[in-house]
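# Residue-level structural notes
What follows is each chain in one-letter form.
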Amino acid sequence: MTHQTPTPRVLTLLTEDWAAQALAEDVRRALATSPHILSPRWLYDSCGSALFEAITRLEPYYPFRAERQLLADHAAELLAVACPDAVVELGAGSSEKTRQLLDAAEGLEHFMALDVSASAIGDALPGLAQRYPSLSLSGVVGDFSEHLHATVVGERRMVVFLGGTVGNFYPDERRDFFRAVAESLRPAESLLLGVDLVKEPRRLVAAYDDPQGVTAAFNKNVLAVVNRALDADFDLRDWSHVARWDAEHQRMALSLVPSTAQRVRVKSLDIEVQFEAGEALHTEISTKFRLPALQDELRGCGLAPTRVVTDGDVALVLATR
Ligand code: AVJ
């Protein structure tokens, strides 16, 4: 007798149409304002996601390996404190880390993935269904801050946000996100947050500017995304990847900078923009944290830290409402 694992339910709150519309609006706004700031969301099409996977295997990119090790060492302990019957993972993440968590979780009944990308969810769930046949699995295609209300599952959730992705938010977006999480948590439910910590700029820059140019390719890919989606004519050969430590804001700042003046046409938006040589298009920030300030910030948003584990490079913070 063959055992059929049921197909996980996926709720779609963001459609492809919505994404296309949002990209158009974001590009229009980014090109019309100065400095030009694009949302990092558009870096992660299927090509960008594959390039990010390649980044996680690069020697200088320590955050991935460090967090994986920290999870391996502390998942059981964190789960024992949180006692969840449901894990809700924000961002599909690497299923490798998800598995580390699920392997250590006793008495878990539900796993739910929330991601802006339908394909990320579609890729993650089937493998998990095979490995954890007794878990009820589901997915939500939605936005981290706006659609948490759709993640009510089980009785006692642990909402998991790993990879330092919270560092990609600007401070006001981060506050909105923390508040949205706090509001969505029922008593005794928790947030498990993975963050990257402030360290010597030399190591940070090395992690975001690898000699093989994988991070450069990942960053430049966003121009290909815009070219394809909006019929634009960014010439990728004229743009360089720049990764700089912004000491004032304690974050890595990734941008694309043209070596010579560029006239860029975005046909489907019917706009034309002039970039001067060296004028940046900002594509991603990656904020690095200090634990005391982060804990204060969480408290200020209604989230009480209950456990912190760290190896000095990255940290996992467990917080309850
Ligand atoms: C997984 C989104 C948090 O900021 O370190 C890696 C993305 N960008 N190298 C990070 C990223 C360039 C990564 N996040």
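Counting restarts for each chain: residues are numbered from 1 in the order of the written sequence. Totals for whole chains, interfaces and linings use all residues, but because this is a predicted model, local features are given only for residues with pLDDT of at least 70 and pairs of side-chain atoms are given and counted only at 80 or more. Calculated side-chain values reflect all of the structure's heavy atoms, with hydrogen atoms and water omitted.

What follows is about the environment of arginine 228. Secondary structure elements follow DSSP: runs of H or I no shorter than four residues count as helices, runs of E no shorter than two count as strands, and numbering proceeds from the N terminus. Residue placement: arginine 228 occurs in helix α8 (residues 214-230). Each C-alpha atom, one on arginine 228 and one on leucine 281, is 18 Å from the other, the two residues being 53 residues apart in sequence.

Residues Phe111 and Met158 are the most contacted members of the largest nonpolar core, which totals 70 residues. With nine residues, helix α3 (residues 62-82) is the single largest residue contributor to this core. Two domains each donate at least three residues to this core, and these are domain 1 (23-59 + 201-287) and domain 2 (60-198 + 288-320). Nonpolar cores were defined as sets of buried Ala, Val, Leu, Ile, Met, Phe, Trp, Tyr and Cys residues, with membership established by side-chain atoms within 4.5 Å. Relative accessibility under 20% of the residue-type maximum defines a buried residue, over 50% an exposed one, and the middle range a partly exposed one, all with a 1.4 Å probe and only protein chains included. Of all hydrophobic cores here, the second largest spans 33 residues; its members include Leu193, Leu197, Phe289 and Ala319. Source of the domain bounds: an automatic or database domain assignment.

In terms of domains, the chain is made up of domain 1 (23-59 + 201-287) and domain 2 (60-198 + 288-320). For domain 1 versus domain 2, the distance between C-alpha centres works out to 27 Å. For the pair domain 1 and domain 2, the summed buried area comes to about 2,100 Å², and 53% of that belongs to carbon and sulfur atoms. Linking aspartate 143 and arginine 41 is a salt bridge whose minimum nitrogen-to-oxygen distance equals 2.8 Å. Whenever a nitrogen or oxygen atom comes within 3.5 Å of another N or O atom, the pair is scored as a polar contact, on the condition that within protein one atom can donate a hydrogen and the other can accept it, and that pairs from neighbouring residues in sequence are kept only if both atoms are in side chains. At the boundary of domain 1 with domain 2, the tally comes to twelve residue pairs in polar contact (both at pLDDT 80 or more). Of all the secondary-structure elements, those providing two or more residues to the side of domain 1 that touches domain 2 are α2 (46-56), α7 (201-208), β9 (251-258) and β12 (281-287). No other element matches the five residues that α7 contributes to the side of domain 1 that touches domain 2. Each residue gets one label: Ala, Val, Leu, Ile, Met, Phe, Trp, Tyr, Cys and Pro are nonpolar, Asp, Glu, Lys and Arg are charged, and the others, such as Gly, are polar. Within the side of domain 1 that touches domain 2, the residues separate by chemical class into 13 nonpolar, four polar and six charged. The term buried area denotes the loss of accessible surface (1.4 Å probe radius) that occurs when two parts are joined, taken as the sum for both partners. What makes a salt bridge here is a side-chain nitrogen of Lys or Arg within 4 Å of a carboxyl oxygen of Asp or Glu, nothing more.

Tracing the backbone through its elements, the reader meets serine 190 in strand β7 (residues 190-196). Residue serine 190 is classed as buried on the basis of its relative accessible area of 1%. Contacts between residues were defined by any pair of non-hydrogen atoms, one from each residue, lying within 4.5 Å. Dropping the residues within four chain positions of it, serine 190 is found in contact with Ala82, Arg157, Met158, Val159, Leu185, Leu318, Ala319 and Thr320.

Here the second largest pocket defines a volume of roughly 340 Å³. In this structure, the second largest pocket is lined by 21 residues; those nearest its centre are Pro8, Arg9, Ser136, Leu137 and Ser138. In terms of residues, the lining of the second largest pocket owes the most to one element, strand β5 (residues 136-141), which gives five residues. Taken together, the residues of the lining of the second largest pocket break down into 14 nonpolar, six polar and one charged. Cavities and pockets were defined on a 1 Å grid built from protein atoms only: a cavity is a group of points that admits a 1.4 Å probe but offers it no way out, a pocket is an open group of points flanked by protein on both sides within 12 Å along at least five of seven lines, and a lining residue is one with an atom within 4 Å of any such point. Grid points are joined across faces, edges and corners, and a volume is the space filled by probe spheres set on the points.

Now for the packing of aromatic side chains. The rule is short: rings of Phe, Tyr and Trp, with Trp giving its six-membered ring, pair when the centres are within 6.5 Å, and they are stacked under 30 degrees, edge-to-face over 60, tilted in between. As enumerated under the stated definition, the model contains 13 aromatic pairs in all. Ring centres 5.4 Å apart and planes at 65° place the aromatic pair tyrosine 44 and phenylalanine 218 in the edge-to-face group. With tyrosine 44 in the loop between β2 (36-37) and α2 and phenylalanine 218 in helix α8, the pair connects residues that are 174 residues apart, well separated along the chain. Measuring from ring centre to ring centre gives 4.9 Å for phenylalanine 161 and phenylalanine 177, while their planes differ by 50°; the resulting arrangement is tilted. With phenylalanine 161 in strand β6 (residues 157-161) and phenylalanine 177 in helix α6 (residues 171-184), the pair connects residues that are 16 residues apart, well separated along the chain.

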